[in-house]
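Per-entry structural report
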Amino acid sequence: MATCVRGCGPAVRLCSKLNRLKTLDEDMMATSLKRCLSTLDLTLLGVGGMVGSGLYVLTGTVAKDTAGPAVIVSFLFAGLTSLLAAFCYAEFGARIPKTGSAYMFTYVSMGEIWAFLIGWNVVLETMIGGAAVARAWSGYLDSIFNHTIQNFTETHIMAWDVPFLAHYPDLLAAGILLVATFFISFGVRVSSYLNHIFSCVSMAVIIFILVFGFAIADPVNWSQKYGGFAPFGFSGIMAGTATCFYAFVGFDVIASSSEEARNPQKAIPMATAIALVLAAFAYVLVSAVLTLMVPWSTLDPNSALADAFFRRGYSWAGIIVAVGSICAMNTVLLSNLFSLPRIVYAMAEDGLFFSVFAQVNPVTKVPVNAILVFGVLMATMSLLFDLEALVQFLSIGTLLAYTFVAASVIVLRFQPEKLPSSSSKATSSTSPNPGGPGLPSPGVADDESQIISQDSGELKEYESFSDKLQLVEMQRTGERRGAGQLKTRWEPYLGRLLGDCEPGEVASFAVLALMVSSVSLCAVLVFGNNQLQLPVWSFSLLVVVFGLAYLLSLALIWVHEPQINTKTFQVPLVPFIPGASILINVFLMLKLSPLTWVRFAIWLAVGLCVYFGYGIWHSKEGLRELQPTDMAARYVVLPSGSLVETVQPVQPDGALDPASSHLRRATSPTQPPPPPPPAAGEQTR
């Protein structure tokens, strides 16, 4: 048996390393970046990230091919669905005002390896997204000049026919990315000013489209003459919702900017809500105008708005629409180039990525190395690659990040709150003198041993004196229990089954069960009828079983006490809103093509090589674990409510040595207590 335990030791230590959590600083507002962004700045960043080329392209595509005029309902449903994920990002951004977005949120709640993989996928997603928008920007401008730029490049510079590569090098797309990278490297204020300019022009054009478009709208275009309001039925509306969902993915740039916000506790939730509402209204109203100006079946998917004004006899309005489209795409470019270096900086700052990217320019207060390197990489991708085959990869990275952030909200909400100062107060250096700092005197230890021997029942050890003192007081007076514990009203029914679990332990396992049941349920719904060809009874049985498992997981979480924090924004109706977000995100991921999952697996394999080759060895959390600590103080809560302090030496590997404890458990209430060992520094006689 001992041999088996020793053999499992390396695996246990590796698992502990992979799942170690990030330790947050006591001062959350301390940063090497510059806190200068207001609520308005963050709101415009979010609007710019969401209202881009999709407003001018996606609206016409979904209306013509998927939903008809009911694209309005599709955008409305997509906005409400995105709101579930936005709630989770807003809570984390206010609670943990550090850069890194989904990477950081996963690190503090789920573990190191999961955080690295989320950050790794978000990096690729943002790079591909920025390069794709740059190519769309170039193509839109080239179409205005009748493809003169493309013809000149293919004729006088270069052209090739290679799979996954563009037919010609897109110099214009690469050039706009390099120019944007140059401006962003000057600091967050310059980036914010540029975003303000482009966002204001874009919103002015949207207002023009709405006012002029409604003035020339024709309600006949929604009549039965052209198929009615919902020609594709409810299934078309839901298919359109799945596509329109990706129009709102840019709001996470707000959470990525929380370390540069002046008042993140208030600004992040407010900016997220305002930006999402404005984006939803813009998409819904522009879709209504577009389908009222011309019949939905005649829309041009590539330039729907400009073509609609041209067909109504207002070709001059197409120029205004083109200006708005280019400005909107500029805001998306700035949003991608703004958030990408900060995610890389957060990973490098934690030691999981190359340290050169953690350097912050002392003048501009931005991670200039990360900005320049990844800006050039993004420009290279837009120059060479045909990104149409890679666009779907954007979806899986975003949805995976949304899923882990929602799960992280549940995990942290039902964990006992640990203040950063608790560990420093509970661990102190010893003195060679008896009764020195952090050590009880021999007389006190003897009295405490007498107290323990006289008190029967199970002992409970805690690392924080003040928190557990409040817990004991609440248990005496019958007040609300601590976070992660079973609610009082459920104690008679579930106390025998769950009462002995550590606070937050059941909720963590229930979150895992929630994610497994969500994947299983969605797999049956997506693949059950077509690919698997299940009989009706088998399909129904699996849906019921996995659906009940999903609901049971939510119920197990709900019967425990959550954290109550009135200082920052909290997602309402936890765990139901994050649970619904997890289910929707998993369903949309499983709807993606198999080729997308193959690319995703390849990119994950590359990320694991980077992590095990560099990140796990340079992790700051790993280096913190190796720092020696002399003594660790623990507190014993007796069944009678008495509190006794114990002091235990810490071994080099960070584990406590119970055999050398200055306060030992009584073996039995009827046996006399063993004499206390001598305190540190006392000679044995």
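Residues numbered from 1 in each chain as written. Predicted model: local features only at pLDDT ≥ 70, side-chain atom pairs only at ≥ 80, totals over all residues. Heavy atoms only, no water.

One pass over the full model with this rule turns up nine salt bridges. The partner of Asp170 in a salt bridge is Arg135, and the shortest N-O contact between them spans 3.9 Å. Placement of the pair is Asp170 in the loop between helix H7 (148–156) and helix H8 (171–184) and Arg135 in helix H6 (residues 112–144), with a sequence separation of 35 residues. On the accessibility criterion, Arg135 (19% relative accessible area) is buried. With its nearest N and O atoms 2.6 Å apart, the salt bridge here joins Arg624 to Glu621. Note that Arg624 and Glu621 are positioned in helix H25 (residues 620–626) at a spacing of three residues, about one turn of the helix. The class for Arg624 is partly exposed, based on a relative accessible area of 36%. (Salt bridge = Lys/Arg side-chain N within 4 Å of Asp/Glu carboxyl O. Helix = DSSP H or I, 4+ residues; strand = E, 2+ residues; numbered from the N terminus. Buried < 20%, exposed > 50% of the residue type's maximum accessible area, 1.4 Å probe, protein only.)

What follows concerns helix H10 (residues 233–244). What sets the pattern is the α-helix's 3.6 residues per turn: residues three or four places apart point alike. Taking 1.5 Å as the rise per residue, H10 with twelve residues should run 16 Å; its terminal C-alpha atoms sit 16 Å apart, in good agreement. Residues of H10 that are buried sit in contact with helix H3 (53–67) and helix H4 (71–95). (Expected span 1.5 Å × (residues − 1). Contact = heavy atoms within 4.5 Å.)

A separate point is the nonpolar core. Formed by 158 residues in total, the largest nonpolar core has its most connected members in Tyr56, Phe75, Tyr89, Phe248 and Phe353. Once you skip the residues sitting within four places of it in the chain, Phe75 turns out to touch Leu58, Thr59, Cys244, Ala247, Phe248, Tyr283, Val284 and Ser287. (Core = buried A, V, L, I, M, F, W, Y, C linked by side-chain atoms within 4.5 Å.)

Take the confidence of the model for the protein next. In the predicted model, the protein carries a mean pLDDT of 81, and the fraction of residues at 70 or more is 80%. Segment residues 420–469 is flagged for pLDDT under 50; beyond a separation of four residues in sequence, or across chains, it makes 91 contacts in the model. Across residues 679–685 the pLDDT falls below 50, and counting only partners more than four positions away or on other chains, this stretch makes twelve contacts in the model. (pLDDT = per-residue confidence, 0-100.)

All right, on to the environment of Ser297 then. Following the sequence through the fold, Ser297 ends up in the loop between helix H12 (264–293) and helix H13 (304–311). Sequence separation between Ser297 and Tyr226 is 71 residues, and the spatial gap between their C-alpha atoms is 7.8 Å.

Right, let's get into the packing of H3 against H10. Packing of H3 against H10 brings their axes to within 9 Å, and their N-to-C directions diverge by 155 degrees. On the basis of their axis angle, the class for H3 and H10 is roughly antiparallel. Crossing of H3 over H10 shows right-handed handedness. Each of Leu58, Val62, Thr66 and Ala67 in H3 lies in contact with H10, whose residues at this interface are Gly236, Ala239, Gly240, Thr243 and Cys244. Here the contact of H3 with H10 is composed, by residue class, of five nonpolar, four polar and no charged. (Axes fitted to C-alpha atoms, helices over the stretch in contact; angles between N-to-C directions. Parallel < 35°, antiparallel > 145°, perpendicular 65-115°, else oblique. Left-handed = near helix turned anticlockwise from the far one by under 90°. Nonpolar A, V, L, I, M, F, W, Y, C, P; charged D, E, K, R; others polar.)

Turning to unusual backbone geometry, a few remarks are in order. Across the junction of Val574 and Pro575, the peptide omega takes the value 10 degrees, indicating a cis bond. Positive phi, normally seen in glycine, also occurs at Gln533, with a value near 50 degrees. Turning to its location among the elements, Gln533 is positioned in the loop between helix H21 (505–527) and helix H22 (536–558). Assessed through its relative accessible area of 63%, Gln533 is described here as exposed. Unusually for a residue other than glycine, Leu573 sits at a positive phi of about 55 degrees. Here Leu573 falls in the exposed class, since its relative accessible area comes to 60%.

What follows deals with the environment of Leu377. The topology assignment puts Leu377 in helix H15 (residues 368–384). A sequence separation of 203 residues divides Leu377 from Ala174, and the C-alpha atoms of the two residues are 9.7 Å apart.

The subject of this paragraph is helix H24 (residues 594–618). The end-to-end C-alpha separation of H24 is 35 Å, in line with the 36 Å expected for 25 residues at 1.5 Å each. The largest bend in H24 comes to about 45 degrees, at Tyr611. When H24 is considered as a whole, its buried residues turn out to be Thr596, Arg599, Phe600, Leu604, Gly607, Val610, Tyr611, Tyr614, Gly615 and Ile616. (Bend = angle between axes of the 7 residues up to and from the residue.)

Attention shifts here to the packing of aromatic side chains. Following the criterion strictly, the structure yields 35 aromatic pairs and no others. Judged by centre distance (6.0 Å) and plane angle (75 degrees), the ring pair of Tyr89 and Phe105 falls under edge-to-face. Of this pair, Tyr89 sits in helix H4 while Phe105 sits in helix H5 (residues 102–107); the two residues are 16 residues apart in sequence, bridging distant segments of the chain. Both residues of the pair, Tyr89 and Phe105, belong to the buried class. Both rings, one in Phe182 and one in Phe186, keep their centres 4.9 Å apart while their planes meet at 85 degrees; by these two values the pair is edge-to-face. A residue is classified by how much of its surface remains accessible, and Phe182, at 47% relative accessible area, is partly exposed. (Phe/Tyr/Trp six-rings, centres within 6.5 Å; stacked < 30°, edge-to-face > 60°.)

Let us look at the environment of Val366. Inspection of the secondary structure assignment puts Val366 in the loop between helix H14 (315–349) and H15. Linking Val366 and Leu33, residues 333 residues apart in sequence, is a C-alpha distance of 6.2 Å. Beyond its immediate chain neighbours, meaning those up to four positions away, Val366 contacts Leu33, Ser185, Gly187, Val188, Arg342, Gln359, Val360, Asn361 and Ile371.

A cluster of nonpolar side chains, contributed by Leu76, Phe77, Leu80, Phe234 and Met238, occupies part of the molecular surface with about 490 Å² of accessible area. Considering every element that reaches the nonpolar patch, the biggest residue donor is H4, with three residues. When you line up the elements, Leu80 lands in helix H4. (Patch = residues over 30% accessible without salt bridge, like charges linked within 9 Å, V, L, I, M, F, W, Y side chains within 5 Å. Areas by Shrake-Rupley, 256 points an atom, 1.4 Å probe, with all protein chains shown as cover.)

Within the secondary structure layout, Thr398 lies in helix H16 (residues 393–413). The buried category is assigned to Thr398, whose relative accessible area is 5%. Among the polar contacts listed, one links the side chain of Thr398 to the side chain of Glu125, at a separation of 2.6 Å. Beyond its immediate chain neighbours, meaning those up to four positions away, Thr398 contacts Glu125 and Val249. (Polar contact = N/O pair within 3.5 Å; in protein donor to acceptor, adjacent residues only side chain to side chain.)

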